[in-house]
Amino acid sequence: MNTLSVIVPCYNEEAVITESYSRLKKVLEGIKTHKTEIIFINDGSKDRTAEMLTDIATADKQVKVLHFSRNFGHQPAVTAGIHCCESDLAVIIDADLQDPPELIPDLLETQSREQANVVYCVRDERKGESIFKKLSARLFYRSMNYLSEVNFPLDTGDFRLIDRQVMDEFKKFREKGKYIRGIISWIGFKQVPFLYQRQARFAGETKYPLSKMIQFASTAMLYFSKKPLKLATGMGFITVLIGIVYAAYTLVGKIVGYTHALSGWSSLIILITFFGGVQLLTVGVLGQYIGILFDEVKDRPEYIIDKKDNC
Ligand code: UDP
Ligand code: MG
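The rules behind these values
Residues numbered from 1 in each chain as written. Chains lettered and ligands numbered in written order. Predicted model: local features only at pLDDT ≥ 70, side-chain atom pairs only at ≥ 80, totals over all residues. Heavy atoms only, no water. UniProt positions renumbered as here; feature names shortened; annotations may be inferred. Donors = N, O, S within 2.8 Å, 3.2 Å for Na, K, Ca; no water. Buried < 20%, exposed > 50% of the residue type's maximum accessible area, 1.4 Å probe, protein only. Helix = DSSP H or I, 4+ residues; strand = E, 2+ residues; numbered from the N terminus. Expected span 1.5 Å × (residues − 1). Contact = heavy atoms within 4.5 Å. Core = buried A, V, L, I, M, F, W, Y, C linked by side-chain atoms within 4.5 Å. Salt bridge = Lys/Arg side-chain N within 4 Å of Asp/Glu carboxyl O. Near = heavy atom within 4 Å. Polar contact = N/O pair within 3.5 Å; in protein donor to acceptor, adjacent residues only side chain to side chain. Areas by Shrake-Rupley, 256 points an atom, 1.4 Å probe, with all protein chains shown as cover. Nonpolar A, V, L, I, M, F, W, Y, C, P; charged D, E, K, R; others polar. Pairing = 2+ DSSP bridges. Axes fitted to C-alpha atoms, helices over the stretch in contact; angles between N-to-C directions. Phe/Tyr/Trp six-rings, centres within 6.5 Å; stacked < 30°, edge-to-face > 60°. Lys NZ or Arg CZ within 6 Å of the ring centre and 35° of its normal. Arc of directions from axis to C-beta.

An unreviewed UniProt entry lists the protein chain under the name Glycosyl transferase family 2, from Paludibacter propionicigenes. We quote the UniProt Subcellular location (unreviewed entry) comment for the protein chain here in full: "Cell membrane".

> Would you mind going over the coordination of the magnesium ion (ligand 2) with me for this structure?
The expected angle between donors at a tetrahedral four-coordinate metal is 109.5 degrees. At an octahedral six-coordinate metal it is 90 or 180 degrees. Protein coordination at the magnesium ion (ligand 2) comes from Asp96 (OD) and Gln98 (OE1), with a distance range of 1.9 Å. Accessibility expressed as a relative area gives 6% for Gln98, which makes it buried.

> How do you make sense of the UniProt feature "transmembrane region" (unreviewed entry) in the protein chain when you look at a structure like this?
When the UniProt feature table is mapped to this numbering, "transmembrane region" (unreviewed entry) covers residues 231-249 and 269-294. Secondary structure content for residues 231-249 is 100% helix and 0% strand, while the C-alpha to C-alpha distance between its ends is 27 Å. When the span residues 269-294 is considered, its composition is 100% helix and 0% strand, and the gap between its end C-alpha atoms is 36 Å.

> Quick question: what am I supposed to make of helix 8 (residues 210-224) here?
Note: α-helices contain 3.6 residues per turn, so residues at a spacing of three or four share the same orientation. End to end, helix 8 covers 21 Å across 15 residues, agreeing with the expected 21 Å (1.5 Å per residue, within 8%). Met213, Phe216, Ala217, Thr219, Ala220, Leu222 and Phe224 are the residues of helix 8 that are buried. If you follow the buried residues of helix 8, they end up packed against helix 3 (74-84), helix 5 (131-147), helix 7 (180-187) and helix 10 (265-298).

> How do you make sense of the nonpolar core when you look at a structure like this?
If you look at soluble globular proteins, the nonpolar side chains tend to sit buried side by side. By size, the foremost hydrophobic cluster in this structure holds 37 residues, and its most contacted members are Ile82, Phe140, Ile162 and Tyr179. Setting aside chain neighbours within four positions, we find Tyr179 in contact with Gln75, Phe140, Tyr141, Met144, Phe152, Phe216, Ala220 and Phe224.

> Would you take a moment to explain the UniProt feature "domain: Glycosyltransferase 2-like" (unreviewed entry) in the protein chain for this structure?
Taken from the UniProt record, the annotation "domain: Glycosyltransferase 2-like" (unreviewed entry) applies to residues 5-169. For residues 5-169, helix accounts for 42% and strand for 25%, while the C-alpha atoms at its two ends are 17 Å apart.

> I would appreciate a short explanation of the pattern of salt bridges in the present structure.
Here the idea is simple: oppositely charged side chains can pair when their charged atoms come close. Per the counting criterion, the structure on display carries 21 salt bridges. Bridged by salt links that share partners, the residues Asp94, Asp99, Arg126, Glu129 and Arg198 form one connected network.

> I'm lost on the site of ligand 1 in this one. Help?
The environment of ligand 1 is formed by 19 residues, the closest being Glu13, Asp96, Gln98, Thr206 and Lys207. Take Gln98: an N or O atom from its side chain is 2.6 Å from an oxygen atom of ligand 1. In this structure, Arg201 approaches ligand 1 through a side-chain N or O atom, which is 3.1 Å from an oxygen atom. In isolation ligand 1 has 530 Å² of accessible area, and contact with the protein removes 96% of it. The residue inventory of the shell around ligand 1, partitioned by class, reads five nonpolar, five polar and nine charged.

> What's the story with the sheet that holds strand 5 (residues 118-126) in this structure? I'm lost.
Neighbouring strands of a sheet are bound in pairs by backbone hydrogen bonds; such pairs are parallel or else antiparallel. With respect to topology, eight strands assemble into an open sheet ordered 7-5-6-4-1-2-3-8, the strand pairing being mixed. Two strands bound the open sheet, and with one partner strand each, they are strand 7 (191-198) and strand 8 (305-309). Taking the axes of each pair of neighbouring strands and ignoring which way they run, one obtains an average angle of 20° across the sheet. Both strand 5 and strand 6 (residues 156-163) contribute to a ladder of four bridges, which runs antiparallel. Residue pairing in the sheet places Val119 in a bridge with Leu161 of strand 6. Along the sheet face, helix 1 (residues 17-29) touches strand 1 (2-10), strand 2 (34-42) and strand 3 (63-68) and points at about 165° away from the line of strand 2.

> What am I meant to see in the packing of aromatic side chains here?
The way to describe two aromatic rings as a pair is by their centre distance and the angle between their planes. This structure, assessed with the given rule, holds 15 aromatic pairs. Pairing Phe68 with Tyr303 gives two aromatic rings, centres 5.2 Å apart and planes at 5°, and the pair type is stacked. Taken together, the residues Phe68 in strand 3 and Tyr303 in the loop between helix 10 and strand 8 connect sequence positions 235 residues apart. On the basis of relative accessible area, Phe68 is assigned to the buried category, the value being 4%. Take Tyr303: its relative accessible area is 16%, and that puts it in the buried class. Look at Phe140 and Tyr179: their rings are 6.2 Å apart centre to centre, the planes differ by 90°, and that puts the pair in the edge-to-face class. Taken together, the residues Phe140 in helix 5 and Tyr179 in the loop between helix 6 (164-170) and helix 7 connect sequence positions 39 residues apart. An aromatic cluster is built from Phe140, Tyr141, Phe152, Tyr179, Tyr208, Phe216 and Phe224, whose rings are joined through pairwise contacts. It is Arg70 that lies over the ring of Phe72; its NZ or CZ is 3.9 Å from the centre.

> Please explain helix 2 (residues 49-59) as it appears in this structure.
Those residues of helix 2 lying buried are Thr49, Ala50, Met52, Leu53, Ile56 and Ala57. Projected down its long axis, helix 2 shows its buried positions confined to an angular sector of 165°, all on one face. Turned more than 90 degrees off the buried face of helix 2, the exposed positions are Asp55, Thr58 and Ala59. Looking at the buried side of helix 2, the elements it contacts are strand 1, helix 1, strand 2, strand 3 and strand 8.

Here you go:
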């Protein structure tokens, strides 16, 4: 019989774990075509998530739990789930029930009907999220497509079904800063969309504050695009051009006796701050890429597992 794992990253999710598990369990019990299991990743939670997950795993041998030694982040948690998964298929889903577990049978059906390697879920509508979250997400997915050489599906998170072939390829990715949805698009094979409505969080707060959102977006952009470097070079060219034009203007002014071009502290200050700013910005962009090289060269593990339940 074919096997299916459901990968669920959890960080401080005590308010949703019980409901999340019972809804997932109900859905999985209804699936007769596959032998199923749930892999929870406790991403260094500071609340009761760890105990609750261990209790669930003690009572239900079809539940595996990986406990991280500290909070490593959502993407390392999903990565650990994929690394640990031995099934033919895996579904990646959030713990907060924003992605309805009831859609899993539909994903399976789409996968087998289309003979697809990936069924990725596209957010048709997002309920219960702030205007800022919706707007920043829209902007993010669109600028990713502008910046990157790969074309990513728009408004698509990590909620998706992937098969063994994709998981095996994913395991070969050694980069530490993982933008998982990007990597899976990049891997290729047959990928089909599945439209759904993203629900409001069942309970608790988002675990993606602005600082984590910025971190996530910059990892995605820096790992998938060299365009910021090209833009920096372009900006260099434009400022050089401005300099040349201004020098010509000054020279001609001197020759024809139009001395106004030579005087003026304000123009001097404006030019100094402008060029200074452009230079710092360019150095900053370079610095971001050097930072990535620094992290990658260190070759530290992406996550550390403290203990495992049922695996
Ligand atoms: N998450 C995690 N580690 C983190 C942050 C989040 O494992 O450092 C998990 C979280 O428990 C949830 C999923 O990642 O299952 C998505 O997080 P959340 O729902 O808070 O993000 P949002 O939907 O608000 O973008
Ligand atoms: Mg959420």
